Each structure stands twice: as C-alpha cells, then as structure tokens.
Number of protein chains: 2
Amino acid sequence: MHNTFSIPAGFQFAGLHCGLKQNATRQDLALILSERAAVAVGAYTQNRVFAAPVALDRARTPTEGARVVVINSGNANACTGKRGMRDAEQMARLAAEAVGVAEDAALVLSTGIIGEFLPMEKIAQGIPRVAAVLDSDEASVTSAARGMMTTDTVEKIASRKFQASGHEACVLGLAKGAAMIGPNMATMLALVTTDAAVETEFAQEALREAVQETFNCISVDGHMSTNDTVLLLANGASGVELTTEELRSQFRRALREVCADLARAIVEDAEGASHLITLDITGCASRDEAHRVARAIAESPLVKTAVCGADPNWGRIVSAAGYAGVPFDPNEVVLTLNGETLYEHGTPTDFDAAAVSQSIRDRRETHIELRLSRGNVSLRFWTADLTAEYVRLNADYHT
Amino acid sequence: MHNTFSIPAGFQFAGLHCGLKQNATRQDLALILSERAAVAVGAYTQNRVFAAPVALDRARTPTEGARVVVINSGNANACTGKRGMRDAEQMARLAAEAVGVAEDAALVLSTGIIGEFLPMEKIAQGIPRVAAVLDSDEASVTSAARGMMTTDTVEKIASRKFQASGHEACVLGLAKGAAMIGPNMATMLALVTTDAAVETEFAQEALREAVQETFNCISVDGHMSTNDTVLLLANGASGVELTTEELRSQFRRALREVCADLARAIVEDAEGASHLITLDITGCASRDEAHRVARAIAESPLVKTAVCGADPNWGRIVSAAGYAGVPFDPNEVVLTLNGETLYEHGTPTDFDAAAVSQSIRDRRETHIELRLSRGNVSLRFWTADLTAEYVRLNADYHT
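Residues numbered from 1 in each chain as written. Chains lettered and ligands numbered in written order. Predicted model: local features only at pLDDT ≥ 70, side-chain atom pairs only at ≥ 80, totals over all residues. Heavy atoms only, no water.

A. Highlighting the interface of chain A and chain B. Residue-level contacts link 54 residues of chain A with 54 residues of chain B. Surface buried jointly by chain A and chain B totals about 4,100 Å² across both partners, of which 67% is contributed by carbon and sulfur atoms. Applying the counting criterion to the chain A and chain B interface returns 0 salt bridges. Applying the counting criterion to the chain A and chain B interface returns 15 residue pairs in polar contact (both at pLDDT 80 or more). Taken together, the elements giving at least two residues each to the side of chain A that touches chain B come down to α8 (301-308), α9 (314-322), β13 (347-348), α10 (353-362) and α11 (388-394) of chain A. Sorting elements by how many residues they give to the side of chain A that touches chain B places α9(A) first, with 7 residues. (Contact = heavy atoms within 4.5 Å. Buried area = accessible area lost by both parts, 1.4 Å probe. Salt bridge = Lys/Arg side-chain N within 4 Å of Asp/Glu carboxyl O. Polar contact = N/O pair within 3.5 Å; in protein donor to acceptor, adjacent residues only side chain to side chain. Helix = DSSP H or I, 4+ residues; strand = E, 2+ residues; numbered from the N terminus.)

B. Looking closely at the relation of the copies chain A and chain B. Superposition record for chain A on chain B: RMSD 0.0 Å, screw rotation 180 degrees, translation along axis 0.0 Å. The transformation relating the two chain copies, once decomposed into turn and shift, fits a two-fold axis. For chain A, the minimum C-alpha distance to the rotation axis belongs to Ala388(A) and amounts to 2.3 Å. The residues that chain A uses at the interface reappear at the interface of chain B in 100% of cases, marking a shared surface. (Least-squares fit on C-alpha atoms with pLDDT ≥ 70 in both.)

C. Layout of the environment of Arg371(B). All names here are of chain B. Structurally, Arg371 can be placed in strand β14 (residues 365-371). Judged by relative accessible area, Arg371 falls into the partly exposed class, the value being 38%. C-alpha of Arg371 to C-alpha of Gly283: the two residues are 88 residues apart in sequence and 5.5 Å apart in space. Beyond its immediate chain neighbours, meaning those up to four positions away, Arg371 contacts Thr282, Glu332, Val333 and Val334. (Buried < 20%, exposed > 50% of the residue type's maximum accessible area, 1.4 Å probe, protein only.)

D. Structural view of helix α9 (residues 314-322) of chain B. Summarising burial for α9(B): 9 of the 9 residues are buried, a large majority. Along α9(B), the positions that sit buried rather than exposed are Trp314(B), Gly315(B), Arg316(B), Ile317(B), Val318(B), Ser319(B), Ala320(B), Ala321(B) and Gly322(B).

E. Structural view of the packing of aromatic side chains. Scanning all chains against the criterion turns up 6 aromatic pairs over all chains. With a centroid separation of 5.6 Å and 25 degrees between ring planes, the pair formed by Trp314(A) and Tyr343(A) is classed as stacked. Here Trp314(A), found in helix α9, pairs with Tyr343(A), found in strand β12 (residues 340-344); they are 29 residues apart in sequence, far enough to count as distant. Note on accessibility: Trp314(A) and Tyr343(A) belong to one class, buried. When the ring of Phe162(B) is compared with that of Phe251(B), the centres are 6.4 Å apart and the planes differ by 70 degrees; the resulting orientation is edge-to-face. With a gap of 89 residues between them, Phe162(B) in strand β5 (residues 156-164) and Phe251(B) in helix α6 (residues 245-268) connect regions that are remote in the sequence. By relative accessible area, Phe162(B) is classed as buried at 4%. When the ring centre of Phe50(A) is taken as reference, the NZ or CZ atom of Arg58(A) above it lies at 4.7 Å. (Phe/Tyr/Trp six-rings, centres within 6.5 Å; stacked < 30°, edge-to-face > 60°. Lys NZ or Arg CZ within 6 Å of the ring centre and 35° of its normal.)

F. Just the domain arrangement of chain A, in detail. All names here are of chain A. The domains assigned to chain A are domain 1 (11-268) and domain 2 (276-395). The straight-line distance from the C-alpha centre of domain 1 to that of domain 2 is 32 Å. Contacts between the two partners involve 15 residues from domain 1 and, on the opposite side, 16 residues from domain 2. Both sides together, the interface formed by domain 1 and domain 2 hides about 1,300 Å², and carbon and sulfur atoms give 53% of it. Among the residues domain 1 hides against domain 2, the three largest losses belong to Cys217, Ser219 and Arg264. Together they make up 37% of the total. At the junction of domain 1 with domain 2, the criterion picks out 1 salt bridge. When the shortest N-O distance is used, the salt bridge between Glu365 and Arg264 registers 3.1 Å. Where domain 1 touches domain 2, the interface holds 9 residue pairs in polar contact (both at pLDDT 80 or more). Only α5 (200-213), β8 (218-219) and α6 (245-268) provide two or more residues apiece to the side of domain 1 that touches domain 2. (Domains from an automatic or database assignment.)

G. Representation of the sheet that holds β12(A) within the structure. With mixed pairing, the 7 strands of this open sheet are ordered in space as β8-β15-β10-β14-β11-β12-β13 (chain A). Looking at the sheet topology across the chains shown, the edges are occupied by β8 and β13 of chain A. (Pairing = 2+ DSSP bridges.)

See below:
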C-alpha cells in the first residue's frame, strides 16, 4: 500500500532486521513508543489455543499507562509453554528498559512460525538497536509496519483525521495478515495509534464495534489463528478530547474507517488471490444472520474457485447461503454480481453469462450482493478467491 | 469400487443413457423397482434452497407403499420453480406407469447441473426403455449406480448380510458424490435397499442414526448441496422380520456399515484428492463437540493443503480445533498423525518431521487422532486433502 498517511502526535516508530528472518533485508522487529502514558485496549483471538504474547497483552489491558509496544515477526511464540510465557515477559521488559519506562507499560505482539521458542539472544540484541532509531516520520512508520509482516507482500497502513475547535486528531493503523484469515478475529495483527484523548471504557467500546464491523468481516481461509490481536493506543497528545457526542462520533468513524481500510488491504493481499470478493448481504433481520450468510458464502471453496475461474455460478452462491442456518425463502432472495441480477424468484434470470464472466475477468474486485427480504440490516464482508497458487503456497513443504 | 456385493431379494435395477449427458457411453437414467410394497424413509438436505425432487420425496415419505425410485443424473432439477415441481411429478408418474404401479408409489432422485429445466422429452423416452431392462443381477445394479454418477470416477456400492433362523437378510446401498460435500447431509445421493421386513418408525430411526454417524461425518469442501438425499427401502422379501432386539441390532449394524462404506467411498473419490484423511476425535464430552472439532479441522484449507504437501503441520490442526467453539484446555490434548505423537502438554513433541512427512507421502490415507480429556465420546470423520487439481476442476469454466 503505497499511499500517504498522517502520523498522530506524540508517537515514535521504528523497525529493523534483528535476525529472526533469514533474509537480512527484511525487518523482523518493530517498536512503537508513546511519549506519554496512553490508554491501551485490545481485541484478541477467540482460539482456545492462544500464544504467549496474547496472554500477556490480555492481562495488561485495558490500561491507562501504556508506553511501548514491541513487535516481532518470524516467530509467533505460540505453543511454547511456560518458557514462551517467560520469553514474552522478558521481551516486554527489554523494550521497557530500552525506552526507560516501567515494565508493565510494555505490550508485545508476535507473529510467524508456531511451536518454536523465540531466539531471545537476537531479540535482546535487537531491542536497544531499534529503540535507538525511533522517529516520527513516514519512513519509520513504514519500517515498523514491515517489521510485522510475514507472508504479506505489502505493508498495510491507513489513517484518518478529524477536526475539533482548531485542533486536529489523527488515527493511524498498521496491520499484517495474508493467510490463516478467518473471523473471529481473522488471523492478523493490527496496531492503531491516536493522539485523541480517549477514556478507557469508550476506547474499548469503540474498538469492539470497529473490529466487529471490519476485522470480523473478513476471511481468506476461515482459519482463526493463535495470535490475532488488535491494539488501540490513545495518548491525547493532540489536545482533542472527546467531550461531545459529535466528537465521539467522529472518532468512532475515523477508527472504523481505518480498520476497514486495513481489513480490506489484508484480503487484497490474500495468498495467491487473483480477486478481492466484496459481499454485501442486505435485507436481513439481524446482523448475526447477515454475518452467517456472508461467512457461508465467503468460506465455500466452490464459490471461491468459481470466482477464480470467472464463472458467474449463482447456484454455488445461493446454495452456500442456503446452508447458513438462516430460514429465508429462496423465492424472496435476489442475487446480483458485478451489477447484473443472476437469480430471483427462486430461479436464475436470463443473464448474459459470457458478459458477466468477462466482467469478473476484467476486474480485480468481484462484487456480490445478496438481498434477503427479512428486514433492513446490511453487512459487508470481504474474502478472496481460491487459486492453485494458494494451494501451492500452503502445500509447499520441505524437511 | 470394483468389489462384489449381495443383492436383496425382490428388487430389480436398471440404468442406461437417455441423452441427459453428452457422452453416449455414460448412463444418466436409473430405475430401482421393489416387486412388492416397501417401507420407504428418507433423510434430506437441510439447505433452505432445495430441489424439486427433494420436495416431492419429503412429501411422499415415510410411506409403506413405495414401489419404484427413478433417478437421473446430468440435471439436478433445482431452482426450477413451479415448472421443476411439475417435471418432478411427471417423472414420478412416468416411472409408475412404466412398471404398472400407483403414481404416489414412485420416488425421484436427481443430481447434476442446477437452474436448468429437465429435458422431459428425453426422460419420457428413456423411462420405458430403462424399465424394459430391469433385472436383479450385478450388471444391472452397476448400471443403476452409474446412472446416478456426476463427477464420480467410480460407482459406489456396498452391502452387508445377516442371518436369522435359517433366513438371510441383505442390505445393499448405492451412492454418488465427489464434490460439494459437506455435512449436513453431505452433498450426495444414496439409495439403500433391504429385503428385511422393517417397520416404518424403526426404519426412520435406524436411518437417522446411520446417517448421523456416516454421511453427516464427511466433508470434501463443506458445501451442502440442494439435492442431498438418502432413501431406505425395505420390502421384507427375505422373510426376515426384526422381531427381537438382537435382530434389530444386527440390522442397525448392517445399515450403518453399508452407509459408512459409501460415505468413505465418496470422500476417497473426492475431486482432485490425493489423500483420504481419517479424523478420530476422542475423549469428548459429547458427540456434538466431537463433531464441531472434527468439522473445524476437516474444513480448514490450511489443514487440507498441509496434507497435500505431506506437511506434518500440527500447528494448523491444533489451531483449527481451537476455533471449533469447544472449551478444551490446550495442555490436555494429544495429537497423533499416522501413529506418531506430534503435540501434547501444550507444545510440539520432538518428532522426526522427515519420517512423518514420508509416511504421509507413502500412504493414500492420512490418519489423524486428536484426544481431548473431556469425556469418553469418540467420533470418526472423513475428509480429503485440498489440491491444485480440485481448484482446477472447480475453476474450470467456459462460456
């Protein structure tokens, strides 16, 4: 994502290679510092099997005293038992020492191979070095974003700003993820920083909502990981306090839009994908049923291979919706793909298959809308097509 | 499946090509006749979007007067509206007339492309022809089984016999399915015939149980179809009546074993598969939680591509189990693959990865056992690996 972005006041960023990845040109260690105490809240994987850093962050959030987040890629520090827990704590301690803050003011994110212990000597050597290059320019933010990446092909960065009484607040998010993506939470990491002053409870609520509408609405392969985490740090350095309903609303929107950009970017970078698939499920009685229908469609290998093959296969889409456990009437749903209505009144329409197929081939994004007649709740969900390349990437194993 | 099988008394079978498939050497129409009135019970797809023949069979079962089942492949008669319903009824009527029975004594099964009307003129010409070649030898049974096939590469036939007071009863099943397979009911068709005398209520119960343990425990791609149906016809022609608990038990077992053979055969023939994956989930508190864990593992593209690549990836398997919604303790599960323990006490063991990988490569079947410590309920589930060939077969589209 080679877009420009804004950087919230009072944060510094850094990223470098410390030896966790084989390729020395790849960053694998990152640091994000808040110059003042920040409110920190998190949203975490619901997998029963969760990594040591997830346990640590869960125990330390919510908090009003967060100062630093240390991130490594190349190793998820998951399924590493008691030693893994000690290593996560040590990593946090090293980061806190390097920037001169209290130990419990540090949070940890890890991603990568699971079941192997962290190479702590490399991390111990790398942390002082990365702390020495902390800065608040675009290059530093980009390096930090790269330090989180595993199979991602591009760094994922998004920001929004909003105004209040002559001051400006900024929300900046960094994320990673390209496979093993499935709600809840979609296997990925995201770190969102803001210079708005946000109270802890409101921050937790706003994050929960934003996550529900964005990171919980993406799937690459429906596989929730051991490490999923979204952290939000708010340090108030902009002077903008969310004292009115209008300001709280603006913050919510900025946060949601940043998360939506990042969530979409994760799916666009899905392993082996040739199409982003945007699903709009509308006319539902509740968000829960819209989500079920979306997931059923998004997780069907038959739907995903159809898009890969530019096949306007309405049958696979409608029958996938049909097993979502939502009691809709097949005669009452309307299916539209890339603007063309393919199915309604219980049967396919007389659509031009060659033209619709061409429209799938011509565009990087395939847009599918399924309209039920059970209410007025809508939901947007993203997934990617299933290609031979995905199989190749994930069946690629050598001892 | 080039095995031998037994044929129950009082049934006749036939299959031929009537023009629904392009290739004239492929049967696409089959007939199964019971020479006397038979008890017929069914289990059907739970998809909200279900085909006309499913609606017809649901309405006509359970019954004690079934005489004939007419089957076509090449067209599922699904999403065909009112005309599809009339065509299904007409197809049943033609079959009944051809064998000289009452109209409502006929049941219908269809499989194949959805959203297109049945070519009724071909069916009308074919039914008398197939009725004329009804017989009770192996060749006729095989032709009927082939008449059900779509993307199957082999016909699926299984039988069991049991004794009672000098008489012998036989259970013979035919099935089809190779993709779009996902519980409940796993997109497939199965027709089970028996010459035992079975009361309607007991037949329904026995079928329900057998389906729950077999066809509901397979997945190729997790996609439940519009046409899934299992029919059981029992005509009593053997003289064996299920008058004792022992006999009822023998029948249940025979039925379950026939269904298990067919279910396994379906997965073994999965599109593009290079491995059958047998999952044994043990030590569970309930069947429901064992089934959830099995499905999560079986439906993960990451687990399936790992097997394809002969990768002993315990992390993907354990993390898939972790999002099944079953609150197990990761420190209390043991994962074994092809007899080797890969994970226990919350961390991987020191296993020989090269040797385990070789064992996957050397065998057509990969056996995975996940032992929880929450009770003593076990469940066996089958799936297949995910290969580039699956993608190729299902992304293959031309206008």
